[in-house]
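# A closer look at the structure
Listed below, chain by chain, are the residues.
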Amino acid sequence: MFENVYDVIVVGGGHAGSEAAAAAANMGSSTLLITMNLQNIAQMSCNPAMGGIAKGQIVREIDALGGYSGIVSDTSAIQFKMLNKSKGPAMWSPRVQSDRMRFAEDWRLMLEGTPNLDFYQEMVSGLIVENDAVVGVKTSLGLEIKAKTVVLTNGTFLNGLIHIGDKNFGGGRSGEKAATGITEQLVDLGFESGRMKTGTPPRVDGRSLDYSKMEVQPGDTIPEKFSFSDVTKPLTVQRDCHMSYTSPLVHDLLREGFDRSPMFNGRIQSTGPRYCPSIEDKINRFASKERHQLFVEPEGWNTVEVYVNGFSTSLPEDVQFKALRSVVGFEKVKFFRPGYAIEYDYFPPTQLKHTLETKLVKGLFFAGQINGTTGYEEAASQGLMAGINAALQVQEREEFILKRNEAYIGVLVDDLITKGTEEPYRMFTSRAEYRTLLRQDNADLRLTPKGYELGLVGEKRLKRMEEKHSKAENFVDFFRNTSVSAEEINPILEVNNSAPVNQSGKLFKIFARPNISMTDIRKIDSVEAYIQEHHLDKEIIEQTEIQVKYSGYIDKEKNNADKLNRLEDLKIPANFDYSQLKSMSIEARQKLEKIQPRTISQASRVSGVSPSDVSVLLVYMGR
């Protein structure tokens, strides 16, 4: 059946696996996606949504590079929201509520329409490794499939164990069996492994809920979309979400089951996600808080299944049911399925290179929860990077690495392999030191040229991006070079409680004032005339406003990034012997020996390495 040698085999068909397979195949590599159930490709195992704080930026970056997550998020969306609009643009984060079934179907159809991509349904039970290089995979039926590179994206399936109260059973997701064999082989090969935990809330019957008692959570009045391409359109009709709250009574009912909770009785030993705790963890850690928000999210356009966001739990199903029936609007709730927790194997990501290739086995790449991350978006971005680098390795092309000042994806990968993680890693805007540069609105300007060079983005899309960039830059120049009289601008300033001017001045300086918006500045005849004459759309106008208002912050971050990149260019030889640097602290030597950073800049970010340790390294490298 498999007489040919594949360029890339991708193991696992979740968000990481789907992006990895699409990227490798679209770059011209013969690719096989092998997964335990082809009906569950790109399954939304937890909440039916894409994006959110920092995660929305990642989805836009994936799209800008030529990945599929943004397009599928648009085609399957039932609601769109731009979060944090009251804050600065570095914080704006797009999010869609998705139709769970349509999301998976659209991903499946896009993958089936991708040239160079084959599919096979079976469990991969092991790897074929020769001379410290991967050469294929073994399946549970005993098949051996040869490949030049392999990308492992096993999600929660590696020795997965599901917990509901005092019951537990093997599984990678509810209703699906766990994957066995791979962890044990990797440990034999010298890899370090660990266990992590995640959880999910109950799904309920929307017909049993009283929405009139809840707060309505509508989408944006003028919804946008994720993809920068012209193959998708913004929503014209949206579905509402709703919000309710827990109460002291709900908390007391939940506490009654704590003695049967696997989190509190010692059954679960592994670490769960800090920023997405279970409801029992929340009421235990924040005992003084009388209520917690519950977001009531529909699972699609037509289904009555509802996701109870904020009620993730592994308590016994009778306790879950009793407590949820005491929530306002849930008095008659019927369950589709209870919430549960799942423990699974992961491999500390310090064992990887920046390409996501393992240091121990050539041609073997890890992406997604196997690296200790949590979230669809984090997984998808790693899958994209692993798929790209697997294809590049086969094609004997230069590796593809994004720097911290180029993308949130660059921050994510660098954090993982430099610092590692002992709890499920989730992206936040605060993790990026250059977040003013890494906005969701300019992801295409930052990354589309790179996607084009890789062969993942077409020329038409590149030209659209270049036109957007050119028009925005020209509009900024217009503000720099155009003056406005005091007579024309002072009435506008007065309405906005902004200090009047005594003489004519450049529009740029006026527009840069925090309380003057684009709506205000468009009241000036020359500005509106420029917009009409050059046919500027909403995207270009918004881009221009950000460039003007945040020019000082943007320039400062660019300067800081340039300084860092000088250290990024100072390479450290492979397998460098840090024990010879006696002036360096013992902790720093041990950490650097383990991580083996590629550059001085990366070495400076390793936990336990001080500025004086970096100075020693700089002196030794001859500055």
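Because the structure is predicted, anything quoted here is derived from the model rather than measured.

What follows deals with the state of the cysteines. Across all of its chains, the model carries 0 disulfides by this definition. Free cysteine: Cys241, not disulfide-bonded; nearest cysteine sulfur from Cys46 at 15 Å.

Further remarks concern the pairing of strand β11 (residues 167-170). Pairing of strand β10 (residues 161-164) with β11, which is carried by 4 bridges, proceeds in the antiparallel orientation. Pairing of Ile164 across the sheet is with Lys167, part of β11. Counting the residues that bridge the hairpin from β10 to β11 gives 2 residues, and of these Gly165 lies at a positive phi of roughly 60 degrees.

The next point concerns the nonpolar core. Core analysis: the largest hydrophobic core is formed by 99 residues, its most contacted members being Ile9, Val150, Leu152 and Leu364. Tallying contributions element by element places helix α9 (residues 376-394) first for this core, with 10 residues. Counting contributing residues, this core receives three or more from each of domain 1 (6-200 + 344-454) and domain 2 (203-339). Residues within four places of Val150 in sequence aside, it is in contact with Ile9, Val11, Leu127, Val134, Gly136, Val137, Gly363, Leu364 and Phe365.

A few words on the sheet that holds strand β18 (residues 335-337). Taking strand neighbours across the sheet as the criterion, the 6 strands line up as β14-β15-β16-β17-β13-β18 in an open arrangement whose pairing is antiparallel. This sheet does not close on itself; its edge strands, each paired only once, are β14 (215-217) and β18. Taken over all neighbouring pairs, the strand axes of this sheet differ in orientation by 35 degrees on average, direction set aside. In terms of strand pairing, strand β15 (residues 241-245) meets strand β16 (residues 293-298) through 4 bridges, oriented antiparallel. Within the sheet, the bridge partner assigned to Tyr245 lies in β16 and is Gln293. Most of the contacts of helix α8 (residues 317-324) go to β18, to which it runs at about 145 degrees, and overall it touches β13 (203-205), β16, β17 (305-309) and β18.

Another point: the layout of surface pockets. The volume enclosed by the second largest pocket comes to roughly 650 Å³. Lys225, Phe228, Arg464, Asp537 and Glu539 are, among the 29 residues lining the second largest pocket, the residues nearest its centre. Where the lining of the second largest pocket is concerned, the elements lending two or more residues are α11 (443-454), α12 (459-481) and α17 (538-549). The greatest single-element share of the lining of the second largest pocket, amounting to 6 residues, is contributed by α12. Taken together, the residues that form the lining of the second largest pocket break down as 6 nonpolar, 7 polar and 16 charged.

For Leu356, which is not glycine, the phi torsion reads 75 degrees and is therefore positive. Inspection of the secondary structure assignment puts Leu356 in the loop between β19 (340-346) and β20 (364-366). Phi at Asn575 is positive, roughly 55 degrees, even though this residue is not glycine. Among the structural elements, Asn575 can be located in the loop between α18 (551-568) and α19 (586-595). Asn575 gets classed as exposed once you look at its relative accessible area, which sits at 68%.

Right, let's get into the domain arrangement of the chain. Here the chain is described as being made up of domain 1 (6-200 + 344-454), domain 2 (203-339), domain 3 (459-556) and domain 4 (570-621). Taking the mean C-alpha position of each, domain 3 and domain 4 sit 47 Å from one another.

The next subject is the packing of helix α2 (residues 55-65) against α9. Running from N to C, α2 and α9 cross one another at 25 degrees; their axes reach a closest spacing of 9 Å. Relative to α9, the element α2 is oriented roughly parallel. The interaxial crossing formed by α2 with α9 has left-handed handedness. Here α2 contributes Lys55, Ile58, Val59, Ile62 and Leu65 to the contact with α9, which in turn contributes Glu377, Glu378, Ala380, Ser381 and Leu384. Looking at the contact of α2 with α9 residue by residue, the classes come out as 6 nonpolar, 1 polar and 3 charged.

All right, on to the UniProt feature "binding site: FAD" (unreviewed entry) in the chain then. Summarizing the sequence annotation, UniProt attributes the feature "binding site: FAD" (unreviewed entry) to Gly12, Gly13, Gly14, His15, Ala16 and Gly17 in the numbering used throughout. Along the chain, the position of His15 falls in helix α1 (residues 15-26). Owing to a relative accessible area of 7%, His15 belongs among the buried residues under this scheme. Sequence-distant contacts of His15, defined by excluding residues within four places in its chain, comprise Ala42, Gln43, Met44, Met50, Phe103, Tyr376, Ala379 and Ala380. Mapped onto the fold, Ala16 is located in helix α1. In this structure, Ala16 is in contact with Thr153, Ala367, Gly368, Ala379, Ala380 and Gly383, ignoring residues within four places of it in sequence.

What the 3 strands build is an open sheet, ordered β3-β5-β4; its pairing is antiparallel. The open sheet has two edge strands, β3 (49-51) and β4 (77-83), and neither has a second partner. When the angles between neighbouring strand axes are averaged without regard to direction, this sheet yields 15 degrees. Inspection of the sheet shows β3 paired to strand β5 (residues 93-98) by 3 bridges, in the antiparallel sense. What sits directly across from Ala49, in β5, is Gln97.

Rules used in this analysis
- Residues numbered from 1 in each chain as written.
- Predicted model: local features only at pLDDT ≥ 70, side-chain atom pairs only at ≥ 80, totals over all residues.
- Heavy atoms only, no water.
- Disulfide = S-S within 2.5 Å.
- Pairing = 2+ DSSP bridges.
- Helix = DSSP H or I, 4+ residues; strand = E, 2+ residues; numbered from the N terminus.
- Core = buried A, V, L, I, M, F, W, Y, C linked by side-chain atoms within 4.5 Å.
- Buried < 20%, exposed > 50% of the residue type's maximum accessible area, 1.4 Å probe, protein only.
- Domains from an automatic or database assignment.
- Contact = heavy atoms within 4.5 Å.
- Axes fitted to C-alpha atoms, helices over the stretch in contact; angles between N-to-C directions.
- 1 Å grid on protein atoms, 1.4 Å probe; cavity = no way out; pocket = protein on both sides within 12 Å on 5 of 7 lines; lining within 4 Å.
- Points joined across faces, edges and corners; volume = space filled by probe spheres on them.
- Nonpolar A, V, L, I, M, F, W, Y, C, P; charged D, E, K, R; others polar.
- Parallel < 35°, antiparallel > 145°, perpendicular 65-115°, else oblique.
- Left-handed = near helix turned anticlockwise from the far one by under 90°.
- UniProt positions renumbered as here; feature names shortened; annotations may be inferred.

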